[in-house]
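Okay, here's what each chain looks like letter by letter:
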Amino acid sequence: MAASYDFPQDLADAQDELRQVRSDLQTLYQRVPWSAEPLDAWETHDNAWRQASRPASPG
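No experiment lies behind these values; they were computed from the predicted model shown.

Caption draft 1: Here's a closer look at the packing of aromatic side chains. A complete count under the given rule lists one aromatic pair for this structure. When the ring of Trp 34 is compared with that of Trp 42, the centres are 6.5 Å apart and the planes differ by 75°; the resulting orientation is edge-to-face. By relative accessible area, which is 31% here, Trp 34 ends up partly exposed.

Structure follows, in structure tokens:
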């Protein structure tokens, strides 16, 4: 069985707050366009080691 540790409550509270902030940030990323400036859609070329693409951004 894994050891159990008594972390200070303020540290545990800070970790919970960090998880919430990361969740809120992820939600924000999904709402806003990927670029602040209007840009055309793009895709990587066929030989790229990692395929990627983005839709057109309204800015």
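Caption draft 2: Molecular detail of a nonpolar patch on the surface. Residues Leu 25, Leu 28, Tyr 29 and Val 32 make up a contiguous nonpolar surface patch of roughly 340 Å² in combined accessible area. Following the sequence through the fold, Leu 28 ends up in helix H1 (residues 9–31).

Caption draft 3: Spotlight on the pattern of salt bridges. Under the defined criterion, the tally for this structure stands at one salt bridge. Its salt-bridge partner being Asp 16, residue Arg 19 comes within 3.0 Å of it at the nearest N-O pair. Here Arg 19 and its partner Asp 16 are both found in helix H1, three residues apart, which amounts to about one turn of the helix.

Caption draft 4: The side chain of Ser 57, seen in detail. With respect to the helices, strands and loops of the structure, Ser 57 is situated in the segment after strand E2 (53–54). By relative accessible area, Ser 57 is classed as buried at 6%. Excluding residues that lie within four positions of it along the chain, Ser 57 makes contacts with Pro 33, Trp 34, Ser 35, Glu 37, Pro 38 and Leu 39.

Rules behind the numbers
- Residues numbered from 1 in each chain as written.
- Predicted model: local features only at pLDDT ≥ 70, side-chain atom pairs only at ≥ 80, totals over all residues.
- Heavy atoms only, no water.
- Phe/Tyr/Trp six-rings, centres within 6.5 Å; stacked < 30°, edge-to-face > 60°.
- Buried < 20%, exposed > 50% of the residue type's maximum accessible area, 1.4 Å probe, protein only.
- Patch = residues over 30% accessible without salt bridge, like charges linked within 9 Å, V, L, I, M, F, W, Y side chains within 5 Å.
- Areas by Shrake-Rupley, 256 points an atom, 1.4 Å probe, with all protein chains shown as cover.
- Salt bridge = Lys/Arg side-chain N within 4 Å of Asp/Glu carboxyl O.
- Helix = DSSP H or I, 4+ residues; strand = E, 2+ residues; numbered from the N terminus.
- Contact = heavy atoms within 4.5 Å.

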